[in-house]
Amino acid sequence: MAPRDYATARRRLLRGGARSGPARRAELSRLTDHWLAGLFGGAPPGTALVATGGYGRGELSPRSDLDLLLLHDGSLAPDELAGLADRVWYPVWDLGVALDHSVRSPAEVRRAADDDLRVQLGLLDARHLAGDPALTTALRSDVLARWRAQATRRLPELHELCRERAARHGELRFLLEPDLKEARGGLRDATALRAVAASWLADAPREGLEQARRSLLDVRDALQLATGRAGDRLSLHDQDQVAADLGLADADELLRRVYEAARTLAYAGDVTWREVGRVVRARSGRQRLRGLLGGTRTGGARQERTPLADGVVAHDGEAALARTARPERDAVLPLRAAAAAAQAGVPLAPSAVRRLARAAPPLPVPWPAAARQEFVRLLGAGRATVPVWEALEDAGLVGALLPDWERVLCRPQRNAVHTWTVDRHLIETAVRAAALTRRVHRPDLLLVGALLHDIGKGWPGDHSVVGAAAARDTAARMGFGAADADVLGTLVRHHLLLVDTATRRDLDDPATVAAVAEAVGGPGTLELLHALTEADALATGPAAWSAWRAGLVADLVKRTAAVLRGGDPEERAAAYAPTPEADRLVRDARHADGPALVLRAEDDDAGEAGEPEAAGAELLVALGERPGVLPAVAGVLALHRLTVRAAELRRLPAHPEPGAADGTGGGDEPPVLLLSWRIAAEYGALPDPARLRADLVRALDGTLDVAARLAEREQAYRGPRDRTSGAPPARVTVAPTGSRLATVIEVRAQDAPGLLFRVARTLEHAHVTVRSAHVSTLGANAVDAFYVTGPESAPLPPAEASELVRELERALTG
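Basis of the calculations
Per-chain numbering applies: the sequence of each chain, read as written, is numbered from 1 onward. Reporting of local features is limited, given that this is a predicted model, to residues whose pLDDT is at least 70; pairs of side-chain atoms are given and counted only at 80 or more, and all residues count toward the totals for whole chains, interfaces and linings. Remark: hydrogens and water are excluded; side-chain values derive from all non-hydrogen atoms of the structure. Think of it this way: a Phe, Tyr or Trp ring, Trp meaning its six-membered ring, pairs with another when their centres are within 6.5 Å, and the plane angle makes it stacked under 30 degrees, edge-to-face over 60, tilted otherwise. Helix numbers and strand numbers start at the N terminus; a helix is a DSSP run of H or I with at least 4 residues, a strand a run of E with at least 2. Think of it in three bands: residues with accessible area under 20% of the maximum for their type are buried, residues over 50% are exposed, and the middle band is partly exposed, with areas taken using a 1.4 Å probe on protein chains only. Each ring is checked for a lysine NZ or an arginine CZ that lies within 6 Å of its centre and within 35 degrees of its normal; such an atom marks a charge sitting over the ring. Multiplying 1.5 Å by the helix residue count minus one yields the expected span of that helix. When a carboxyl oxygen of Asp or Glu lies within 4 Å of a side-chain nitrogen of Lys or Arg, that pair is called a salt bridge.

J.: What is the right way to read the packing of aromatic side chains from this model?
T.: Here the distance between the centres and the angle between the planes together describe a pair of aromatic rings. Scanning all chains against the criterion turns up six aromatic pairs. Ring centres 4.8 Å apart and planes at 90° place the aromatic pair F174 and W420 in the edge-to-face group. With F174 in the loop between helix 8 (151-169) and helix 9 (187-199) and W420 in the loop between helix 18 (405-408) and helix 19 (422-434), this pair connects stretches of sequence that are 246 residues apart. Overall, F174 belongs to the buried group, its relative accessible area being 12%. Of the residues examined, W420 reaches a relative accessible area of 21% and is grouped as partly exposed. Ring-pair connections join several aromatic residues into one group, and the members of that group are W367, F375, W389 and W405. The ring of F480 has R372 sitting right over it, with the charged end atom 5.4 Å from the ring centre.

Here's what the structure looks like:
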């Protein structure tokens, strides 16, 4: 084929009616093969023309370089070899086609590949074009054999190149003008994954991978045809034309397609490089061991499987399913596994994600309490939430949990202030909110509100208005009560209210603050909205939040809170009336020599067929008031690996008299403490109530050293990551308007085994009386309130209260 004929056929192919796609790339490659084979025709023996790189894969884009290798066996004289090369190179140059060429013998090929990893990668796709096919076959065999033999050395080098490239070019799925080839999740990464697969050392997840790569190639083809230039950057001013050429509605749909492909490739890269690292470390360890043992063959070290949650274990740096796990019977297991992985700071094993996606039944609607609890724990893990969420997203589990999520998935935000796509911005907001959970009474509502605050961007219209309705629907789906759903709807509806008002309105105008107070409705919602505002701004980008903005918002919140406090009706506390069962326990405790307790499974945590999930239960304990009761009960529960979801302590007379519900009255009989606990077994089944009672008796009489036992266990086992590492520090405060009868100490901290025991022991050592306690665990956050009095049964003086706060903070951070 003459150069002019090739140019005509090429132009007809590229300007014809066929859209960008694999078929057109393959046809362009076939056409080019035919032309180059003609140019090489009549070449002397011992030579071959070989395509490498993208051309070797048969994927020529309109402006692709031709990667060509003239391979020879060394038998030709230098001038003959040069003449043969000129016979091919010059016609290519004359047509203006970019050419990346080399002339090498097999030995020179090996040296070049050893010296330059990029050369090595291109040779992995070597394909014979013309000349002696035996030369090309031998080259391919040698290249692949050497690549596999050197994989433990070359793959870490390749991984480092990928990281450096990502640092230079950014994350493709979050860029408004992405480089389709060089950015993370782009075509270079797809080539790297192919190289890993060729090494036989590890392999990438295959689901959707080829389609993602083809999608990026299609966009690049359309881009190069639209611009008439060789390039990979999808500039803003080219996006409308590229979208039209691909038959897409608009530039946003184009970017969303690009982002979805990049997300698939980036996640596949994360999983693959993690596996490569594991294999390389294992092989290096075995080699060192063989050296120490003089070459003796040994089996690999047995990897421990450490429990993380019911049905979930840590294994080889990942969260995997336990051998006894039955995902087909446990609809909550996907969320429990995800929460356990995120809280432990480890990724979810790909095999576990695939099995969960395949086998786990859908959650009932509304969700059971256990599912909602695990979902909040997942969101509250901070930065560790992101890779776990991405694993769920890649497997389609997020869409199954939250159907509205598909509307915001990979949706671009054409705003220079925004760093992320809508879906990632929502996750980043939850990450930021996790660091602010100590500031609010309802961390669960803050975290879920953070996740949903921009969910309305998936619909036309004002995203705050439509998002509020979507948030209420989602809250009901999750099993939140009507009041909580209304709060979440208010948070979403007004998530921009504080910052917009603070920066755009006169705060000295009474109407400004009055309008905000009316919109917010209550102090609790205002507190949540303040934290959400900060988390949203921090997750948007560096330009969205500053000390100035923070100060204006804080001033507005302070003024609004004052208005809301002034408008609240006077609180009237209702007298506590024990249930018949609690009343019986109180009487038993008054007459028994020791505690009275009852343990029963809770119906609200029942799954299918009424089977309890996570061994949820209610424990009632009654015993005569004496020193050390609260730390003893909390410590025994921790020793039995029971997680406290909620708890209340009340101090009441053994035979209540009218007006004596607050612990006064009752004649000469000593008060009785009634403790109501909602608990769950961390692993396995609930303990025997008789064993609980026996241990409680021993803890109270001093024969069971709870503190020492907990310290021993903590020293012997620390999970893959200490549960409190990376969490915001504990926060202890005195509620400014808590009670006229007691000082209200509020504790917000990361939930962890023994947490309540440490708090209770500190209060005991401070010689204060706990009149009542209200403990709740919301996701990974403990939010506790303790009503305490001094020796005179009066609130603590301010100085003593401040010292108690400091003691508690020291106990929780030590």
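There is more to say after this.
J.: Looking at this structure, how should I read helix 2 (residues 22-40)?
T.: Residues three or four positions apart in an α-helix share a direction because the helix packs 3.6 residues into each turn. Under the 1.5 Å per step criterion, the end-to-end length of helix 2 is 26 Å for 19 residues, consistent within 8% with the ideal 27 Å. All of the buried residues along helix 2 are R24, R25, L28, S29, L31, T32, D33, W35, L36, L39 and F40. G42 sits one or two positions beyond helix 2 and adopts a positive phi of about 80°.

J.: Just to check I follow, could you spell out the pattern of salt bridges for this structure?
T.: Opposite charge on two side chains allows them to pair when their charged atoms are near. Under the criterion given, the structure shown has 53 salt bridges. With a shortest N-O distance of 2.9 Å, R442 and D444 are connected by a salt bridge. Residue class for R442 comes out partly exposed when judged on its relative accessible area of 27%. Linking D555 and R559 is a salt bridge whose minimum nitrogen-to-oxygen distance equals 3.1 Å. One end of the pair, D555, and the other, R559, are both in helix 26 (residues 547-567), four residues apart, so they sit about a helical turn from each other. D555 sits in the partly exposed class, given a relative accessible area of 29%. Taken together, the shared-partner salt bridges connect E171, R173, R184, D270, R383, E390, R424 and E428 into one network.

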